[in-house]
Amino acid sequence: MDRNANAMKLAASGVKELVDEFARCYSNSASARISTCLLPFGSAVDILLMSRASSIERNRALRFLLNVNECLSRLDYVEMGASDDILLEYLADIVNRAKTARTQDKLERFASIFVNQCKDALPWDDAFLLNRLISDLEDLHIEILMLATSLPPQQVGSEALSTIIATDSHACENVYVLQERLPGHSDESIKISCLDLANKGLLFDDGSTRAGMYGTDWFKATPLSFWLVKRLKI
């Protein structure tokens, strides 16, 4: 009985998350809202979904601001050195992006880059670009980057080289296989995430430079990935 009850709780939780995500997507689609309102009782459905979407986004924004407040309370000194207009524009941009974060980890990443902007301000154009970059990266992307930038460099002769991470389970010696380090993710999601990061300059596709290797097999960290990981740490 307990097992069945737990299964029902998990199923109900999954349905709730699905409804929440549908409501959020619905609120951002003008064509879906118009089509719904043309249906019988469509206006009532529209109000319910919009209310749910607004509640989700308010909760996410509140959690983001609470994270920021907690982090800022631990700082001795904060100086952003900007006009009120640019500060308000930056805050509005990052809050709007935080409202789309589906996980607590992603909300905390937005809080981290905001707090680091308070501590060690980037040029404002760079700060807005960083907001957009964090919006594009999901939890698996960050897990891969954290691993790639934390591994000790390989010593080749007198030169220290970035350590290779691999999406191929038949990788050679001294290569870290991501599937072994990041259990719970499919081979496909890991490969796609690595390619996403390579397209953004956050990983280097080392396999494409080696004879007999596929372009999605071996990757290594880039200077940009080390920079991004540093901006995520408070």
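Values in this document were obtained by computation on a predicted structure and should not be read as measured data.

Here is what the cut-offs are and how they apply
Residue numbers run consecutively from 1 along every chain, following the written order of its sequence. Residues qualify for local features only when their pLDDT is at least 70, as the model is predicted, and side-chain atom pairs are given and counted only at 80 or more; totals for whole chains, interfaces and linings, by contrast, use all residues. Where side-chain values are given, they derive from all heavy atoms of the structure, hydrogens and water being excluded. Segments assigned H or I by DSSP are reported as helices when at least four residues long, segments assigned E as strands when at least two residues long, and all are numbered from the N terminus. Burial classes: relative accessible area under 20% of the type maximum marks a residue as buried, over 50% as exposed, and values in between as partly exposed (1.4 Å probe, protein chains only). The criterion used for residue contact is that any of the two residues' heavy atoms lie within 4.5 Å. Only the protein chains shown count as cover for residues, and all accessible areas are computed by the Shrake-Rupley method using a 1.4 Å probe. How far a helix is expected to stretch is found by multiplying one less than its residue total by 1.5 Å. For two strands to count as paired, DSSP must find a minimum of two bridges between them. For the purposes of this section, nonpolar cores are sets of buried Ala, Val, Leu, Ile, Met, Phe, Trp, Tyr and Cys residues that join through side-chain atoms within 4.5 Å. Only one rule defines a salt bridge in this text: a Lys or Arg side-chain nitrogen within 4 Å of an Asp or Glu carboxyl oxygen. Grid spacing is 1 Å over the protein atoms alone, the probe is 1.4 Å, and a cavity is where that probe fits but cannot get out, while a pocket is an open set with protein on both sides within 12 Å along at least five of seven lines and lining residues have an atom within 4 Å of a point. Grid points are joined across faces, edges and corners, and a volume is the space filled by probe spheres set on the points. In this count, Pro and Cys sit with the nonpolar residues alongside Ala, Val, Leu, Ile, Met, Phe, Trp and Tyr, while Asp, Glu, Lys and Arg are called charged and the others, Gly among them, polar.

### A word on the overall build of the chain
Turning to step 1, where the next piece is worked out: Helices and strands together make up the secondary structure of the chain, namely 10 helices and six strands.
Turning to step 2, where the next piece is worked out: Expressed as a percentage of its 234 residues, the buried residues of the chain come to 38%.
Turning to step 3, where the next piece is worked out: A fraction of 65% describes how many contacts in the chain between residues 6 or more apart in sequence connect residues 24 or more apart.
Turning to step 4, where the next piece is worked out: Total accessible area on the chain stands at roughly 14,000 Å², and carbon and sulfur atoms take up 56% of it.

### Observations regarding helix H5 (residues 104–119)
Turning to step 1, where the next piece is worked out: For H5, spanning 16 residues, the distance from its first C-alpha to its last is 22 Å, which sits close to the expected 22 Å at 1.5 Å a residue.
Turning to step 2, where the next piece is worked out: Taking burial as the measure, the 16 residues of H5 include 12 buried ones, the bulk of the element.

### Regarding the sheet that holds strand E4 (residues 176–177)
Turning to step 1, where the next piece is worked out: Spatially, E4-E3-E6-E5 is the arrangement adopted by the four strands of the open sheet, whose pairing is mixed. The open sheet has two edge strands, E4 and strand E5 (203–205), and neither has a second partner.

### As for the environment of isoleucine 164
Turning to step 1, where the next piece is worked out: You can see isoleucine 164 is positioned in strand E3 (residues 164–166).
Turning to step 2, where the next piece is worked out: Residue isoleucine 164 is classed as buried on the basis of its relative accessible area, which comes to 5%.
Turning to step 3, where the next piece is worked out: Considering only alpha carbons, one finds isoleucine 164 and tryptophan 218, 54 residues apart in sequence, at a separation of 6.3 Å.

### What about the pairing of strand E6 (residues 218–221)?
Turning to step 1, where the next piece is worked out: Bridging between E3 and E6 involves three bridges; their strand directions are antiparallel. Counted as the bridge partner of alanine 166 is tryptophan 218 from E6.
Turning to step 2, where the next piece is worked out: The pairing of E5 with E6 spans three bridges and is antiparallel. By the bridge assignment for E6, leucine 203 is matched with alanine 221.

### Quick look at the nonpolar core
Where a protein is soluble and globular, its nonpolar side chains tend to be buried together.
Turning to step 1, where the next piece is worked out: Membership of the largest hydrophobic core comes to 43 residues, with the highest contact counts inside it found for Phe64, Ile144, Leu203 and Leu228.
Turning to step 2, where the next piece is worked out: Among the secondary structure elements, those contributing two or more residues to this core are helix H3 (42–72), helix H4 (84–98), H5, helix H6 (124–136), helix H7 (139–150), helix H9 (187–199), E6 and helix H10 (223–231).
Turning to step 3, where the next piece is worked out: Leave out the neighbours within four places in its chain, and isoleucine 144 touches Ile165, Leu178, Leu182, Ile190, Ser193, Cys194, Leu197 and Leu203.

### Examining the pattern of salt bridges
Turning to step 1, where the next piece is worked out: Scanning the model with the defined rule gives five salt bridges in all.
Turning to step 2, where the next piece is worked out: In this structure, arginine 109 engages aspartate 139 in a salt bridge whose closest nitrogen and oxygen atoms are separated by 2.7 Å. You can see arginine 109 sitting in helix H5 and its partner aspartate 139 sitting in helix H7, a full 30 residues away along the chain.
Turning to step 3, where the next piece is worked out: Of the residues examined, arginine 109 reaches a relative accessible area of 8% and is grouped as buried.
Turning to step 4, where the next piece is worked out: Judged by its relative accessible area of 19%, aspartate 139 falls in the buried class.
Turning to step 5, where the next piece is worked out: With a shortest N-O distance of 3.3 Å, aspartate 136 and lysine 200 are connected by a salt bridge. With aspartate 136 in helix H6 and lysine 200 in the loop between H9 and E5, this residue pair connects regions lying 64 residues apart in the sequence.

### With respect to the layout of surface pockets
Turning to step 1, where the next piece is worked out: What the second largest pocket holds in volume is close to 200 Å³.
Turning to step 2, where the next piece is worked out: Of all the secondary-structure elements, those providing two or more residues to the lining of the second largest pocket are H3, H5 and H7.
Turning to step 3, where the next piece is worked out: It is H5 that contributes the most residues to the lining of the second largest pocket, five residues altogether.
Turning to step 4, where the next piece is worked out: Each residue belonging to the lining of the second largest pocket can be placed in one class, and the counts come to six nonpolar, two polar and six charged.

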